[in-house]
Structures are given as structure tokens and as C-alpha cells.
Amino acid sequence: MNTRRPFSKRKIIILSTVILFIGLVISMVYQALDPFRHLRITIHNQSDYDLSNITARVSSGVDSFNTNNEGTIYNLNKAVPSGEQVKFAPQLQLSGEGSVYLEFTNSRGETYNKTVCGYTEYLSGNSYVTVTNETITVREDCM
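Conventions adopted
- Residues numbered from 1 in each chain as written.
- Predicted model: local features only at pLDDT ≥ 70, side-chain atom pairs only at ≥ 80, totals over all residues.
- Heavy atoms only, no water.
- Buried < 20%, exposed > 50% of the residue type's maximum accessible area, 1.4 Å probe, protein only.
- Helix = DSSP H or I, 4+ residues; strand = E, 2+ residues; numbered from the N terminus.
- Pairing = 2+ DSSP bridges.
- Polar contact = N/O pair within 3.5 Å; in protein donor to acceptor, adjacent residues only side chain to side chain.
- Contact = heavy atoms within 4.5 Å.
- Salt bridge = Lys/Arg side-chain N within 4 Å of Asp/Glu carboxyl O.
- Core = buried A, V, L, I, M, F, W, Y, C linked by side-chain atoms within 4.5 Å.
- Axes fitted to C-alpha atoms, helices over the stretch in contact; angles between N-to-C directions.

Undergrad: Would you mind showing me how to read the pairing of strand β7 (residues 125-131) here?
TA: Across the seven residues of β7, five count as buried, placing the element largely inside the fold. Across seven bridges, the pairing between β7 and strand β8 (residues 136-142) is antiparallel. Bridged to V129 within β8 is V138.

Pasting the structure below:
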């Protein structure tokens, strides 16, 4: 009769350590490459009002802020209810350097326009927009 166990405790510990190490390396590589991914905007609505008509707009020296050229405007087709958060990657195009603006309307009909990426050449990185009843805070990490 075979009484030998298929896996010893030592083999399980070594295998667990190797899997943990590989996961740690993958996590570090992901974090290192994150700023180079396509621009993502996160809106955290901490106000008492829903946000709608959300538009991301790119402006450069070639394209003025009011143009409607292909790739310079992206409309988010969903609202951000009070207390909710939404993350999206606007499909914008940029040739050269420029800025990205976010425009939205709250449920009281007030329209806001904020710079979410003051300078960019590649439309990559992250912008975090926090909306409260009193202020709108933008933390940008753009490239």
C-alpha cells in the first residue's frame, strides 16, 4: 500500500512563495506602465446633485476650444448620480501638445468647465475629479 503523500508541506510552501513572487512582479510592472496607458478620467461625485452632459474636450494650438473636429470632443453617455464614481477613457486625438477640459452640468442646471489635464503630448495618464457641493478638485497625472 502506498502511504506517500503527493505534496509535502515543503513543496507547497515553495510553490506558494513562487506564485506570490510572480504576482508581486506583475503588480509592479502594471504600476510602472500605468501612466503610459490611454488617458483615464475618474469623476467622484460627492455632491448632492447628479452630474450629466459630461464632455471631455481637447484643445491644442491647432484646434481652438470651440471647434468640433473629429477626435477633439468625447461625450460620456451616462450620468454620475450623487455619491457615485465613474471612470472612463475618452477617445480623443491630439497632434502635438494640448490640454484636456471636462465640462458637465449638475441637476440644478449649473454648468462647470474644469481643466483635467493642463499639458499633454500623448493623452496618457490619469485625472481624478472630485465634485462636492462647494468645490471641484482636480488631481492630474498626465503625460
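Once the structure has been displayed, the description carries forward.
Undergrad: I would appreciate a short explanation of the pairing of strand β6 (residues 111-120) in the present structure.
TA: Here is the key point about a regular strand: its side chains alternate between the two faces of the sheet. Where strand β5 (residues 98-106) meets β6, seven bridges bridge the pair, whose relative direction is antiparallel. Paired with T105 across the bridge in β6 is T111. If you look at the hairpin formed by β5 and β6, you'll find four residues sitting between the two strands, and G109 has a positive phi there, around 90 degrees.

Undergrad: Hey, could you run me through the environment of T72 in this one?
TA: Along the polypeptide, T72 turns up in the loop between β2 (51-60) and β3 (73-75). Classification of T72 by relative accessible area gives buried; the value is 2%. The spacing of T72 and V58 is 14 residues in sequence and 5.0 Å in space, taken between C-alpha atoms.

Undergrad: Whenever I open this one, the side chain of T120 confuses me. Can you help?
TA: With respect to the helices and strands, T120 occurs in strand β6. You can call T120 buried: its relative accessible area is 0%. A polar contact is formed between the side chain of T120 and the backbone nitrogen of L123, at a distance of 2.9 Å. When residues no more than four places from it in sequence are discounted, the contact partners of T120 are L94, G96, E97, G98, V100 and M143.

Undergrad: For this particular structure, what's the right way to read the pattern of salt bridges?
TA: Two side chains bearing opposite charge may form a pair once their charged atoms approach each other closely. Tallied over the entire structure, the rule returns one salt bridge. E110 is the salt-bridge partner of R108, the closest N and O atoms lying 2.8 Å from each other. Given the relative accessible area of 47%, R108 is considered partly exposed. On the basis of relative accessible area, E110 is assigned to the partly exposed category, the value being 31%.

Undergrad: Can you walk me through unusual backbone geometry in this structure?
TA: If a residue is not glycine, its phi is most likely negative; likewise, a peptide bond is most likely trans. Not every positive phi belongs to a glycine, and N53 is a case in point at roughly 50 degrees. Within the fold, N53 resides in strand β2. Take N53: its relative accessible area is 56%, and that puts it in the exposed class. For L123, which is not a glycine, the phi torsion comes out positive at approximately 50 degrees. Position of L123 relative to the elements: it lies in the loop between β6 and β7.

Undergrad: Sorry, what's going on with the nonpolar core here?
TA: Most often, soluble globular proteins keep nonpolar side chains buried together rather than apart. By size, the foremost hydrophobic cluster in this structure holds 22 residues, and its most contacted members are I41, I43, I54, V100, L102 and V129. Those elements giving two or more residues to this core turn out to be β1 (40-45), β2, β4 (85-88), β5, β6, β7 and β8. Of all the elements, β2 adds the most residues to this core, at four residues. The contact partners of I43, leaving out residues within four places of it in the chain, are L51, I54, V80, E84, Q85, V86, F88, L102, V129 and V131.

Undergrad: Just checking my understanding: could you explain the sheet that holds β6 for this structure?
TA: Within a sheet, neighbouring strands are paired by backbone hydrogen bonds and run either parallel or antiparallel to one another. Spatially, β3-β2-β5-β6 is the arrangement adopted by the four strands of the open sheet, whose pairing is antiparallel. Each end of this open sheet is capped by a strand with a single partner; those strands are β3 and β6. Taking the axes of each pair of neighbouring strands and ignoring which way they run, one obtains an average angle of 15 degrees across the sheet. The pairing of β2 with β3 spans three bridges and is classified as antiparallel. Counterpart to R57 in the pairing with β3 is I73.

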